[in-house]
Amino acid sequence: MKELPRGKGGETHQKAKGEQMTTAQGAPVSDDQNWLKAGERGPSLMEDQVAREKIFHFDHERIPERVVHARGYGVHGHFELTEPIPELSKADLFQRRGEKTPVFVRFSTVAGSKGSPDLARDVRGFATKFYTKEGNWDLVGNNIPVFFIQDAIKFPDLIHAAKPEPDRGFPQAQTAHDNFWDFISLSPESMHMVMWIMSDRTIPRSFRFMEGFGVHTFRLVNAEGESHFVKFHWKPKLGLQSVVWNEALKINGMDPDFHRRDMWDSIDAGDYPEWELGVQVFDEDFAERFEFDVLDSTKIIPEEQVPVRTIGRLVLDNNVENFFAETEQVAFCTQNIVPGIDFTNDPLLQGRNFSYLDTQLKRLGSTNFTHLPINAPKCPVRHYQQDGHMAMRNPTGRANYEPNSWDEESGPRENPNKGFESYPENVGGPKARVRSETFADYYSQARQFYVSQTAVEQRHIADALTFELSKCDRGDIRERMVGHLQNIDDALAKQVAAGLGMDGLPEKIKPAREPVTDLPPSDALSILKNGPASFAGRRLGLYVSDGADAELVAAIRSAAEAEGTKVAIVAPHISGAKLSDGTALAADEKIDGGPSVVFDAVALVMPSNTAEQVKQDKPTVDFVSDAFAHAKFIAYGEQARPVLEAAIGPELDSGCMKVADAGDARAFIEKCRALRFWDREADYLP
Ligand code: HDE
């Protein structure tokens with residue numbers, strides 16, 4: 001089989017800089033600006049094969065967007081094995097310490113269309129294609145370890161309910177509407193997931209600061225054929241971080257590409273995002289003992305019960321060359337597994353195995369989507385599949401069937417000692433459309449998630465529920481949801497009921513099965529308990545105007561950069577500012593285009609004679625008041641204090657820090673390691 005010349009996404013003929021332009025057929029083009037016409041002002045001629053070919057191709061540029069996870073962003077990198085696990089799995093990529101396997105990762109939102117904003121409140125997809133030496137393994141996960149439903153047959157209903165309502169075609173990229181909450185409130189199995197999606201997990205600060213999960217229980221199978229159960233976890237090296245809801249709303253208006261830009265910029269700057277791959281491994285005995293069914297994707301296995309063991313790291317170090325060829329055309333399929341990894345009977349996983357292959361045919365239009373460079377394995381591919389639309393890797397020789405007796409031209413053969421073998425699990429039972437009784441506890445882990453959060457995070461969950469349910473026109477839907485919340489936490493139910501202006505509490509929903517146990521809190525479930533120890537990888541917005549103290553600006557800058565924090569200069573004009581020592585400092589953003597919502601912390605340095613004038617400037621005042629409202633740390637040179645007072649009032653809290661020299665600047669950046677000054681929000685806690 002012949003290999004095609006490849007860039008990351010295929011041939012890169014467009015790079016033929018300055019060379020002769022041709023048609024798709026290779027004929028040289030003399031004029032690409034003017035359609036062939038009969039006379040200077042006469043009709044355009046259909047005869048113009050160059051123009052027609054160009055328009056024909058343009059007309060067909062779009063392919064169907066993904067029915068879910070339409071908006072995504074892909075990047076290349078590698079997985080490096082740090083702890084081989086041959087005792088657990090014979091998968092080739094898990095054998096040799098230090099070995100690197102190329103990967104392609106696509107992050108996504110679920111509900112919005114391709115052009116929707118990045119900071120919609122939504123689950124994030126975290127799909128990884130490992131190009132192993134024994135075939136592609138796709139770990140198609142999310143940034144939340146559980147799912148809404150227990151059986152794949154309900155997926156179309158869930159997605160229909162979440163997407164824009166069919167008569168009116170809105171709302172886009174949000175669950176804050178009647179249809180979604182109607183479906184959810186009638187599907188108690190989703191209550192655990194509801195706690196996660198109403199938490200700040202669904203408004204991550206960046207793809208770089210979120211976890212990933214394989215969600216289902218899979219199997220690892222070793223060379224002896226022994227099997228263990230496994231759940232896969234991605235843990236970001238830079239810790240977890242989210243934004244706050246009001247900030248998310250503003251970011252969406254300011255920079256709908258906030259997440260993809262962050263990823264592109266980081267990789268472009270050589271600041272490569274990393275995750276650890278962890279496994280939670282357990283056996284049949286544990287599965288028997290565990291309070292819940294390990295085949296139920298609406299449940300986690302708390303890390304306190306089965307610790308996460310780190311076996312490798314993921315490094316994303318290479319941006320795509322062509323968004324369409326790579327990010328759009330990548331085709332993940334949960335059925336893509338390799339020897340040493342196997343499925344379980346999780347009914348959600350089993351349904352996914354059908355759906356992903358099927359959807360790629362619709363989306364990419366041919367069974368030959370594995371011929372596209374982004375989907376092609378990086379190991380030998382030998383089989384007798386042939387032909388079909390756009391076949392690009394075609395077998396040579398006479399034999400295209402087996403068995404055959406053509407000797408040299410005989411083609412590949414299967415090998416009973418080497419190939420993929422399914423784990424020979426005993427299965428059986430009456431054929432029936434059923435849901436196992438062991439899946440029936442819908443509230444215990446929802447409560448466990450809630451009680452594992454800090455007070456600030458709990459408040460955010462209550463606020464998110466109140467916001468979303470306030471967007472539902474139907475009172476009975478709002479009431480049904482509060483009826484469920486009473487099975488999770490009384491105080492939460494009361495807060496939401498009060499937020500919705502209800503008179504007391506509505507009727508509590510009767511659980512299908514009483515919660516089995518009041519589960520202990522798990523710190524791993526909180527974002528704030530898993531923040532980073534540093535301010536690295538974050539962005540400081542440094543507002544500077546003409547005449548600002550050059551030394552102080554330099555001190556703040558170098559303290560930030562020493563921490564690994566990026567500094568963006570924000571100024572009244574894009575031309576930048578002339579500092580006190582006469583040097584010109586270029587601006588990255590004019591103040592109107594660089595609001596504080598796109599930064600993790602802000603600093604302001606200006607001379608005393610401008611503060612009075614600056615405090616009249618709405619974008620600059622918003623820069624400060626938003627940073628304050630979003631619990632960000634704020635550093636200011638003494639002369640900027642009037643601007644802070646205009647934005648915040650005369651009382652500045654200890655999240656606002658006056659900086660006068662290099663020592664202060666370093667102390668400020670150390671403060672920023674906490675990411676947000678949550679004490680400011682504590683005042684609003686119930
Ligand atoms: Fe998906 N899902 N899904 N999903 N999913 C798709 O496949 C589906 C589920 C996830 O970046 C589709 O290629 C069913 C869970 C990600 O290209 C489709 C069910 C989890 C991506 C599909 C689920 C996911 C998808 C749409 C219920 C987390 C984006 C386009 C049984 C473990 C992959 C496509 C990318 C995409 C079906 C539930 C993650 C239609 C039927 C649970 C990250 O095949």
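Every chain's residues receive numbers from 1 upward, in the order its sequence appears when written. Thresholds applied to this predicted model are a pLDDT of at least 70 for local features of residues and 80 or more for the giving and counting of side-chain atom pairs; totals over whole chains, interfaces and linings are not thresholded and use all residues. The basis for the side-chain values is all heavy atoms of the structure; hydrogens and waters are excluded.

Per an unreviewed UniProt entry, the protein chain goes by the name Catalase and belongs to Minwuia thermotolerans. Under the UniProt heading Function (unreviewed entry), the note attached to the protein chain is "Decomposes hydrogen peroxide into water and oxygen; serves to protect cells from the toxic effects of hydrogen peroxide." Turning to the protein chain, the UniProt record has this under Sequence similarities (unreviewed entry): "Belongs to the catalase family. HPII subfamily." UniProt positions are given in the numbering used here, feature names are shortened, and annotations may be inferred rather than shown by experiment.

Undergrad: What's the story with the overall build of the protein chain in this structure? I'm lost.
TA: Across its full length, the protein chain holds 19 helices and 18 strands. A radius of gyration in this sense is built from C-alpha atoms; the matching globule rule multiplies 2.2 Å by the number of residues raised to 0.38. Its C-alpha radius of gyration of 28 Å places the protein chain within 12% of the 26 Å reference for a compact globule of 686 residues. Principal-axis analysis of the C-alpha atoms gives the protein chain an extent of 90 × 80 × 55 Å. To sort residues, take the accessible area from a 1.4 Å probe on protein chains only and compare it with the maximum for the residue type: under 20% means buried, over 50% means exposed, and anything in between is partly exposed. A total of 686 residues make up the protein chain; the buried ones form 52% of that total. The way it works is that DSSP assigns letters per residue, a run of H or I at least four long becomes a helix, a run of E at least two long becomes a strand, and they are numbered from the N terminus.

Undergrad: How should the packing of aromatic side chains be read in this particular structure?
TA: In this description, a pair of aromatic rings is defined by centroid distance and the angle of the planes. To pair, rings of Phe, Tyr and Trp, with the six-membered ring standing in for Trp, must have centres within 6.5 Å; the planes then decide the type, stacked if under 30 degrees apart, edge-to-face if over 60, and tilted in the middle. One pass over the structure, following the stated rule, counts 26 aromatic pairs. With a centroid separation of 5.7 Å and 35° between ring planes, the pair formed by F107 and W275 is classed as tilted. Note that F107 is positioned in strand β2 (residues 100-109) and W275 in strand β8 (residues 274-282), a separation of 168 residues in sequence. Neither F107 nor W275 differs from the other in exposure class; each is buried. Among the aromatic residues, those joined into a ring-pair cluster are F79, F94, F107, F126, F130, W137, F207, F218, F232, W234 and W275. One Lys or Arg, R121, reaches over the ring of W245 and ends 4.9 Å from the middle of that ring. Two conditions define a charge located above a ring, namely a distance within 6 Å from the ring centre to NZ of Lys or CZ of Arg, and an angle within 35 degrees of the ring normal.

Undergrad: Looking at this structure, I do not really get the site of the ligand. What am I missing?
TA: Neighbouring residues are identified by heavy atoms, a residue being near a molecule or strand if any of them is within 4 Å of it. The environment of the ligand is formed by 22 residues, the closest being R66, R106, R352, Y356 and Q360. Polar contact criterion, stated in full: a pair of N or O atoms within 3.5 Å, where within protein one must be able to donate a hydrogen and the other to accept it, and residues adjacent in sequence count only if both atoms are side-chain atoms. Taking Y356, its side chain carries an N or O atom lying 2.6 Å from a nitrogen atom of the ligand. Measuring from an oxygen atom of the ligand, one finds a side-chain N or O atom of Q360 at 2.8 Å. Those elements giving two or more residues to the shell around the ligand turn out to be β3 (124-132), β4 (135-142) and α9 (347-364). For the shell around the ligand, the leading source of residues is α9, giving 6 residues. Amino acids are sorted into nonpolar (Ala, Val, Leu, Ile, Met, Phe, Trp, Tyr, Cys and Pro), charged (Asp, Glu, Lys and Arg) and polar (every other residue, Gly among them). Its residues assigned to classes, the shell around the ligand comprises 11 nonpolar, 8 polar and 3 charged.

Undergrad: Please explain the pattern of salt bridges as it appears in this structure.
TA: Side chains that differ in charge, positive against negative, can pair when their charged atoms come close. The term salt bridge refers to a pairing of a side-chain nitrogen on Lys or Arg with a carboxyl oxygen on Asp or Glu at a separation within 4 Å. Considering all chains together, one arrives at 46 salt bridges under this definition. Salt-bridge contacts for R313 lead to E274; the nearest nitrogen and oxygen are separated by 2.8 Å. Taken together, the residues span a long stretch of sequence, with R313 in strand β9 (residues 309-319) and E274 in strand β8 at a distance of 39 residues. On the basis of relative accessible area, E274 is assigned to the buried category, the value being 19%. Members of the salt-bridge network, linked through shared partners, are D92, R96, E99 and K133.

Undergrad: What should I look at first to understand the sheet that holds strand β11 (residues 539-544) in this one?
TA: Paired through their backbone hydrogen bonds, the strands of a sheet run either parallel or antiparallel. Reading across the sheet, the 6 strands line up as β15-β12-β11-β16-β17-β18 and stay open at both edges, with parallel pairing between neighbours. Edge positions in the sheet fall to β15 (589-590) and β18 (656-658), since each of these pairs with one other strand and no more. Strands are labelled as partners when DSSP assigns at least two bridges between them. Two strands pair when backbone bridges link them, and strand β12 (residues 566-571) and β15 are joined in this way by 2 bridges, in the parallel orientation. Within the sheet, the bridge partner assigned to A571 lies in β15 and is K590. Where helix α14 (residues 550-563) meets the sheet, its contacts fall on β11, β12 and β16 (601-605), and the angle it forms with β11 comes to roughly 175°. Contacts were defined at the residue level, with two residues in contact if any of their heavy atoms lie within 4.5 Å. Helix axes are fitted to C-alpha atoms over the stretch in contact, other axes to C-alpha atoms as well, and angles between N-to-C directions run from 0 to 180 degrees. Sheet contacts for helix α18 (residues 662-672): β11, β16, β17 (634-636) and β18; angle to β18, the most-contacted strand, approximately 165°.

Undergrad: Before we go on, may I ask you to explain the coordination of the iron atom of the ligand in this structure?
TA: Under perfect tetrahedral coordination by four donors, a metal shows angles of 109.5 degrees; under perfect octahedral coordination by six donors, it shows angles of 90 or 180 degrees. Metal-coordinating donors are taken as N, O and S atoms lying within 2.8 Å of the metal, or within 3.2 Å when the metal is Na, K or Ca; because water is left out, some sites can appear incomplete. Protein coordination of the iron atom of the ligand is limited to a single donor, Y356 (OH), which sits 1.8 Å from the metal. Considering the arrangement of structural elements, one finds Y356 in helix α9.

Undergrad: Would you explain the domain arrangement of the protein chain in this entry?
TA: Quite often, the size of an interface is put as the accessible area lost when its parts meet. Start and end positions for the domains come from either an automated domain assignment or a database one. With domains assigned, the protein chain is organised as domain 1 (72-371), domain 2 (441-529) and domain 3 (535-682). The gap between the C-alpha centroids of domain 1 and domain 2 is 25 Å. Contacts between domain 1 and domain 2 engage 37 residues on the former and 36 residues on the latter. Two parts placed together each lose some accessible area under a 1.4 Å probe, and the buried area is that loss summed for both. For the pairing of domain 1 and domain 2, the buried interface totals around 3,200 Å² over both sides, and the portion due to carbon and sulfur atoms is 66%. The largest share of the area that domain 1 buries against domain 2 comes from D178, W181 and M195, three residues that together contribute 20% of it. The tally of links between domain 1 and domain 2 comes to 1 salt bridge. Across the pair R480 and D182 runs a salt bridge whose closest N-O atoms are separated by 2.7 Å.

Undergrad: Looking at this model, I keep getting lost on the pairing of strand β7 (residues 227-236). Mind explaining?
TA: Consecutive residues of a regular strand have side chains that alternate between opposite faces of the sheet. The buried fraction of β7 is high, at 8 of 10 residues. Of the pairings in the sheet, the one linking strand β5 (residues 212-213) to β7 comprises 2 bridges and is antiparallel in character. Note that in β7 the partner of G212 across the bridge is W234. In this structure, strand β6 (residues 218-221) lies alongside β7, joined through 4 bridges in antiparallel fashion. For F218, the partnering residue across the bridge sits in β7 and is V230. Where β6 folds back on β7, the antiparallel hairpin that results is connected by 5 residues, among which G225 adopts a positive phi of roughly 85°. Sheet topology note: the β7/β8 ladder contains 8 bridges and is antiparallel.

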